[in-house]
Amino acid sequence: RRRFRSASSCGSRAVAAMAPHRAVAAFPAAALLLLLLLPPAVASAGLSGYFGTKSRYEEVNPHLVQDPLSLGPAAAESRLPAACAPLQLRALLRHGTRYPTAGQIRRLGELHARLRRRPAAAAAACPAAADLAAWQMWYEESLDGRLAPQGRRDMELLARRLAARFPALFAARRRLVLASSSKHRCLQSGAAFRRGLGPSLSLGSDEVEVEVNDSLMRFFDHCAKFVALVEENDGAMCQVNAFKEGPEMRKVLEKVANALCLPVEELNADLVQVAFLTCSYELAIKNVTSPWCSLFSEEDAKVLEYLNDLKQYWKRGYGYDINSRSSCILFQDIFQHLDKAVEESKSSKPISSPLIVQVGHAETLQPLLALMGFFKDDEPLKANNYVRQTHRKFRSGRIVPYAANLVFVLYHCDQVKTSEEEYQVQMLLNEKLMVFHHSNETISTYADLKDYYKDILENCHFKEECELPKVNNTAIDEL
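Worth saying up front: this structure is predicted, and the values here are computed from it rather than measured.

> Just checking my understanding: could you explain helix α13 (residues 298–316) for this structure?
The α-helix winds at 3.6 residues per turn, so residues separated by three or four positions along the chain end up facing the same way. Taking 1.5 Å per residue as the helical rise, α13 with its 19 residues ought to reach 27 Å, and the 26 Å between its terminal C-alpha atoms agrees with that figure. In terms of residue burial, α13 counts as a mostly covered element, since 15 of its 19 residues are buried.

> Any chance you could explain the layout of surface pockets here in plain terms?
In this structure, the largest pocket encloses a volume near 1200 Å³. Around the largest pocket sit 40 residues that line it, and Lys54, Gln104, Lys311, Lys315 and Glu363 are the ones nearest its centre. Elements that contribute at least two residues to the lining of the largest pocket include exactly α4 (102–116), α7 (184–197), α9 (224–231), α10 (238–244), α12 (269–286), α13 and α16 (362–371). Take the lining of the largest pocket: its biggest share by element is six residues, from α13. Split into classes, the residues belonging to the lining of the largest pocket amount to nine nonpolar, 13 polar and 18 charged.

> I'm lost on the nonpolar core in this one. Help?
Within soluble globular proteins, side chains that are nonpolar tend to cluster in buried spots. By size, the foremost hydrophobic cluster in this structure holds 108 residues, and its most contacted members are Tyr139, Phe243, Leu267, Trp292, Phe296, Leu406 and Leu410. Considering every element that reaches this core, the biggest residue donor is α12, with twelve residues. Other than its neighbours up to four places away in sequence, Leu406 contacts Arg90, Ala91, Leu92, Leu365, Leu368, Leu369, Met427, Leu428, Leu429 and Met434. In this structure, Leu162, Phe166, Val357 and Leu428 belong to the second largest nonpolar core, which totals 31 residues.

> Just to check I follow, could you spell out the environment of Glu141 for this structure?
By secondary structure assignment, the location of Glu141 is in the loop between α5 (127–134) and α6 (149–165). Assessed through its relative accessible area of 39%, Glu141 is described here as partly exposed. Apart from residues no more than four positions distant in its own chain, Glu141 is found in contact with Ala102, Ile105 and Arg106. There is a polar contact of 2.9 Å between the side chain of Glu141 and the side chain of Arg106.

> Could you clarify how one ought to interpret the pairing of strand β5 (residues 405–413) in this entry?
Taken across its nine residues, β5 has nine buried, putting it largely inside the fold. Of the two faces of β5, both are covered, the one formed by Asn405, Val407, Val409, Tyr411 and Cys413 as well as the one formed by Leu406, Phe408, Leu410 and His412. Looking at chain direction, strand β1 (residues 84–94) and β5 are connected through nine bridges and run antiparallel. Directly across from Ala85, in β5, lies its bridge partner His412. In this structure, β5 lies alongside strand β6 (residues 423–429), joined through seven bridges in antiparallel fashion. Considered in β6, the bridge of Val409 is made with Gln426.

Basis of the calculations
Residues numbered from 1 in each chain as written. Predicted model: local features only at pLDDT ≥ 70, side-chain atom pairs only at ≥ 80, totals over all residues. Heavy atoms only, no water. Helix = DSSP H or I, 4+ residues; strand = E, 2+ residues; numbered from the N terminus. Expected span 1.5 Å × (residues − 1). Buried < 20%, exposed > 50% of the residue type's maximum accessible area, 1.4 Å probe, protein only. 1 Å grid on protein atoms, 1.4 Å probe; cavity = no way out; pocket = protein on both sides within 12 Å on 5 of 7 lines; lining within 4 Å. Points joined across faces, edges and corners; volume = space filled by probe spheres on them. Nonpolar A, V, L, I, M, F, W, Y, C, P; charged D, E, K, R; others polar. Core = buried A, V, L, I, M, F, W, Y, C linked by side-chain atoms within 4.5 Å. Contact = heavy atoms within 4.5 Å. Polar contact = N/O pair within 3.5 Å; in protein donor to acceptor, adjacent residues only side chain to side chain. Pairing = 2+ DSSP bridges.

This is a description of form; function is not addressed.
In structure tokens form, the structure reads like this:
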């Protein structure tokens, strides 16, 4: 695949020309043993709200810390008329808590080895570095992004809560369609979700296969324009790279270097981010406060969260139009199944697919939410507006933490005034009702919802959106 490179400046023609978004588990024995010998749970006070896409699901639903099966206060907000009955539930899930990737583990190992090589005499002057040198590096590259035991628990508990919230849909003899990305962590998350339902469905545990469907769950891999102009384009992440070199990150870098008694030249933004993410992994996987957390204050965490959010914004969110337009294949598939359920209901037929559960990634959910216009700020996230974005809507840790879930529920309602009101829809993100843009309500008639997204449903064609412009001097300008 051809790589399109821009000049180093974020203002270069190549990047500026890209169109802005349109609004509308097997484990190594040593690792497993360590997990069985975990110390008592401790909260990473002050930092855990800023881990971005590496955030625990409990950060968006704190009531689950005390009671993992609690439906929470949001469950009482339905406001549905009593005469409405659910017909279909379509759930898009991000996989549960996972281990770091091999690349992250390798960088952590390099940083840890550097601290261990320090002379013993230097330890007295640098207690933080000494503590980290003594920390046991238990991550192995073979763990490479695989689902952690906590990730299985995330999925099983989510399944049980959804079944409790929508008992009619999850009742016995209802058909479950279960699909997943081809990634191991997603397949295992799907299997764990099914296990969480236990005997509530009449199907035996081996009767529901997890279908692999990368065309929907990893649509971004199949979009040539996205791959060439964003994924593999060095210039597309210029705002991210500029922030890494900016004053906010420089301050964090100097502080960490000072705490570790290292020359600041020996660190860079990527190494500091690995140290910060290790703090997040230890909390999510083990529920402990890692010594790596001691390097960071809450203000540091906010800066590092912004670095994470910048990447999500420009690679998966509103930064470039193709990020979200590539998800129209998934968006349209959702409505095709809703359409089918409506037609079956009108014909007094049984709903053929009352439960559709699909497991993907943060990269599956984030573009879809952007396509629908959610969490869009008035001002784009950039390297030079960190302070102005303090209260931004686009915070990836609040939107797509581990086990994030976007749920569409279609209802059939009796005792209505018009035929349009007979079919209504709600959307939930992380088990909380979302407010629709067109109605400012948490419920919409299905007809109104389809009308609001008419342009995407009728005019967003995956093949055309993702076709790579002809390679010439103005290729990127064609975006």
